[in-house]
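# Topology and contacts: notes
Each chain is listed here by its residues.
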Amino acid sequence: MKHTNESLPEDFILMGLTKYPWLDLPLFFVLLVSYMFTLLGNIAIILVSQLDSQLQSPMYFFLTNLSFLDLCFTTTTVPQMMFNLGGPNKNITHIGCMAQAYIFHWLGCTECVLLGIMALDRYVAVCKPLRYSVIMDHKLCLQLSNIAWLTGLANSLLQSTLTVQLPLCGNKVLDHFFCELPGLIKMSCGDTTVNEIILAVAATLLIMGPLSMILVSYIHIARAVFRIPSTSGRLKAFNTCSSHLLVVSLFYGPGIYIYIQPSGNGSQDLIKVLTLFYCVITPMANPFIYTLRNKEVIEAVRRFLRKAISSKRI
């Protein structure tokens, strides 16, 4: 333990997204624009879902949770990335690095579970429409939401605590653009077998578990949709479910490659790009995916904007 404490650096040096310094400024502005779109889009979803009386359903309750989660998710990483890209300082404090690792892992695990719960909600809505409001009452929605957040928190406390106890032997260069558990494990100079096994097992359970629930739910949903007699009814169900499926694909795809494969396999540059994809691109894209394919949300946004404009005129 004495050796471990002495080996902890005051700061970590983040290698960043690219090895070419001339790309720092363009990447800074790209991240700034994407971050602004993420903030505006997800805050709009939260406000509209909370303020519009026609969107008070379980689907929009979980969508609000997802938007809040995405806001926190991207805020955990993007400001630090822009700080490092905007100047010569590529450091992050040890405390800041550990906090970032804990929070990022918590939010990532929570989103895995939440996307599975949202698929279950779509299954009840499409396959049991007459009992939807009875089954998915507010109490159950709160319980399911709490399960997602607490599961992510418990896994993060376990994984991150095991990781921060690893000896670094003075190593302080992290080949990443933020502090993520797989990168921190690779920095260690000690035996990381237990950490790698626990990370792989937990990731498999938290990714493949909800993903299996999603697949089973959508098999039943597909059967139910094809039995809907009207074309408009089938189209409405398809639009609602396809938005969720697209979000699932954007989030789970990179996560499976990064966390389930054995440690040390795969290109670090590819891992950085995939990580950037699910921690920056996906949170920015989610509000547009749900609004562009959902007439209820589009109409709610229009009503919200009309009220805002009329109130300013008064």
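Residues numbered from 1 in each chain as written. Predicted model: local features only at pLDDT ≥ 70, side-chain atom pairs only at ≥ 80, totals over all residues. Heavy atoms only, no water.

## So, the UniProt feature "transmembrane region" (unreviewed entry) in the chain
The sites that carry the UniProt feature "transmembrane region" (unreviewed entry) are, in the present numbering, residues 25-48, 60-82, 102-120, 140-158, 197-221, 242-260 and 272-292. For residues 102-120, the end-to-end C-alpha separation is 28 Å, with 100% helix and 0% strand making up the annotated structure. Span residues 197-221 is 100% helix and 0% strand, its end C-alpha atoms 35 Å apart. (UniProt positions renumbered as here; feature names shortened; annotations may be inferred. Helix = DSSP H or I, 4+ residues; strand = E, 2+ residues; numbered from the N terminus.)

## Focus: the packing of helix H3 (residues 58-85) against helix H6 (residues 138-164)
Between H3 and H6, the least distance of the axes is 10 Å, while the angle of their chain directions is 25 degrees. Taken together, the axes of H3 and H6 are roughly parallel relative to one another. The crossing of H3 and H6 is right-handed. Together, Pro58, Phe61, Phe62, Asn65, Phe68 and Leu69 of H3 and His138, Cys141, Leu142, Leu144, Ser145 and Trp149 of H6 make up the contact between the two elements. (Axes fitted to C-alpha atoms, helices over the stretch in contact; angles between N-to-C directions. Parallel < 35°, antiparallel > 145°, perpendicular 65-115°, else oblique. Left-handed = near helix turned anticlockwise from the far one by under 90°. Contact = heavy atoms within 4.5 Å.)

## What to know about the environment of Met81
By the element assignment, Met81 lies in helix H3. You can call Met81 buried: its relative accessible area is 3%. On a C-alpha basis, the gap between Met81 and Pro21 in space is 14 Å, while along the polypeptide they are 60 residues apart. Those residues within four positions of Met81 in sequence are excluded, and the remaining contacts are Leu31, Phe177 and Leu276. (Buried < 20%, exposed > 50% of the residue type's maximum accessible area, 1.4 Å probe, protein only.)

## Description of the nonpolar core
Counting 70 residues, the largest nonpolar core has Leu31, Phe62, Leu66, Leu115, Tyr252, Tyr259 and Tyr278 as its most contacted members. Sort the elements by how many residues they give to this core and helix H4 (residues 94-127) lands first, with 13 residues. Residues in contact with Leu66, not counting those within four places in the same chain, are Glu111, Leu114, Leu115, Met118, Val247, Asn286 and Tyr290. Core analysis: the second largest hydrophobic core is formed by 12 residues, Ile92, Ala101, Leu168 and Leu174 among them. (Core = buried A, V, L, I, M, F, W, Y, C linked by side-chain atoms within 4.5 Å.)

## A closer look at the pairing of strand E1 (residues 11-14)
Because side chains alternate across E1, one face comprises the buried residues Phe12 and Leu14, and the other comprises Asp11 and Ile13, none of which is buried. Relative to strand E2 (residues 91-93), E1 is paired through three bridges, and the arrangement is antiparallel. Of the residues in E2, the one forming a bridge with Ile13 is Asn91. As paired strands, E1 and strand E3 (residues 173-174) are joined by two bridges and run parallel to one another. Paired with Leu14 across the strands is Leu174, a residue of E3. (Pairing = 2+ DSSP bridges.)

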